[in-house]
Amino acid sequence: VALVLDNLDLLNGLRSESERLEDVLEHLAEGVLVLENSTSDSLIPELIGNRRAGSGRANAAARKLLGVAPRFSLTQLPAQVRASLEYNSSSLNIGEQRFEVLTKRSAARTVVVLQDVSAFDAAQRSKAEFLSVVSHELRTPLTSIIGFVDLMLSGAVGLLSTEQEDFLQTTQIASQTLFQTVQNLLIASNLEAGLFELRPH
């Protein structure tokens, strides 16, 4: 009797933990899918042979995003989602949103987390645009400064004293260093934004 009571207490504890976990999953901001694996080696068997399709569960965020019921057949997932899971894609576009796809597999089931990274992408684009604008705005006056300093050092505006020449050479070196820094900043922003051109030699 004592053993049975202990087992009942353990069972109740497990049920309580299971309910708590379900509650946490249900309220996650990320879309979570729990897919029960089918007898096929493929996660989405209908894509390769019309075998028995597996089933799955979705939390509230995933249901809203994918338009599925709390419990669903894998055939009810949007085609691009099924393809993403079948081919282990790490990224997925749904409408104008981009999601990172995080997948954890076991023998019995696969857990998929869809994390919305659209805001991060937008922030990256804004940062690249800002760096590009700043770089262009700094380059224009620097070009003038370097040009006029070179002109004065060449003697085109008259003879310079040794002290004046030293000052101008210091200005020339600092301006060229700053110009190169701005150039590097512009190149970095273009690389981040994917705006670069390969020139094979």
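Residues numbered from 1 in each chain as written. Predicted model: local features only at pLDDT ≥ 70, side-chain atom pairs only at ≥ 80, totals over all residues. Heavy atoms only, no water.

**Quick notes on the side chain of Asp121**
Its location among the elements puts Asp121 in helix α4 (residues 118-153). Using a relative accessible area of 16% as the deciding quantity, one classes Asp121 as buried. Polar contacts involving the side chain of Asp121 include one to the side chain of Arg98, which spans 2.6 Å. (Helix = DSSP H or I, 4+ residues; strand = E, 2+ residues; numbered from the N terminus. Buried < 20%, exposed > 50% of the residue type's maximum accessible area, 1.4 Å probe, protein only. Polar contact = N/O pair within 3.5 Å; in protein donor to acceptor, adjacent residues only side chain to side chain.)

**A word on the pattern of salt bridges**
In the structure shown here, the tally under the stated rule is two salt bridges. In this structure, Arg98 engages Glu100 in a salt bridge whose closest nitrogen and oxygen atoms are separated by 3.0 Å. The salt bridge partner of Arg98 is Asp121, with a shortest N-O separation of 2.6 Å. Highlighted residues: Arg98 in strand β5 (residues 97-105) and Asp121 in helix α4, separated in sequence by 23 residues. Since its relative accessible area comes to 23%, Arg98 is described here as partly exposed. (Salt bridge = Lys/Arg side-chain N within 4 Å of Asp/Glu carboxyl O.)

**Some thoughts on the layout of surface pockets**
In this structure, the largest pocket encloses a volume near 220 Å³. Glu22, Leu25, Val34, Arg57 and Ala58 are the residues nearest the centre of the largest pocket, which is lined by 14 residues in total. Mapped onto the lining of the largest pocket, the elements with two or more residues apiece are α1 (2-26), β1 (31-36) and β2 (55-58). Looking at the lining of the largest pocket element by element, the count peaks at five residues for α1. Each residue belonging to the lining of the largest pocket can be placed in one class, and the counts come to six nonpolar, two polar and six charged. (1 Å grid on protein atoms, 1.4 Å probe; cavity = no way out; pocket = protein on both sides within 12 Å on 5 of 7 lines; lining within 4 Å. Points joined across faces, edges and corners; volume = space filled by probe spheres on them. Nonpolar A, V, L, I, M, F, W, Y, C, P; charged D, E, K, R; others polar.)

**Topic: α4**
With 36 residues, α4 extends 52 Å between its outermost C-alpha atoms, agreeing within 8% with the 52 Å of an ideal straight helix rising 1.5 Å per residue. For α4, the complete set of buried residues consists of Ser118, Asp121, Ala128, Leu131, Ser132, Ser135, Leu142, Ile146 and Val149. Immediately beyond the C-terminal end of α4, within one or two residues, lies Gly155, with a positive phi of roughly 90 degrees. (Expected span 1.5 Å × (residues − 1).)

**Some words on the nonpolar core**
Counting 17 residues, the largest nonpolar core has Leu33, Leu66, Phe72 and Leu77 as the members making the most contacts within it. Apart from the residues within four sequence positions on either side, Leu66 is in contact with Leu33, Leu77, Pro78, Val81, Ile94 and Leu114. (Core = buried A, V, L, I, M, F, W, Y, C linked by side-chain atoms within 4.5 Å. Contact = heavy atoms within 4.5 Å.)

**Digging into the sheet that holds β1**
Overall, antiparallel pairing links the six strands, which are arranged β3-β2-β1-β6-β5-β4 in an open sheet. Of all strands in the sheet, those with a lone pairing partner are β3 (71-73) and β4 (91-94), marking the two edges. Shown here is a sheet whose adjacent strand axes are inclined to one another by a mean of 30 degrees, direction ignored. Strand direction decides the pairing type here: β2 and β3, joined by three bridges, are antiparallel. What sits directly across from Ser55, in β3, is Ser73. (Pairing = 2+ DSSP bridges. Axes fitted to C-alpha atoms, helices over the stretch in contact; angles between N-to-C directions.)

**Observations concerning the pairing of β2**
By the alternation rule, side chains of β2 split into Gly56 and Ala58, which are all buried, and Ser55 and Arg57, of which none is buried. As paired strands, β1 and β2 are joined by four bridges and run antiparallel to one another. Bridge pairing in β2 places Leu35 opposite Gly56.

**Side note on the confidence of the model for the chain**
Of the residues in the chain, 85% have a pLDDT of 70 or more, and the chain-wide mean is 79. Here residues 44-52 scores under 50 on pLDDT; set against residues more than four positions off or in separate chains, the count is 21 contacts. (pLDDT = per-residue confidence, 0-100.)

**Here's the deal with the environment of Leu138**
Within the element layout of this structure, Leu138 appears in helix α4. For Leu138, a relative accessible area of 40% corresponds to the partly exposed category. With 40 residues separating them along the chain, Leu138 and Leu178 place their C-alpha atoms 9.3 Å apart.

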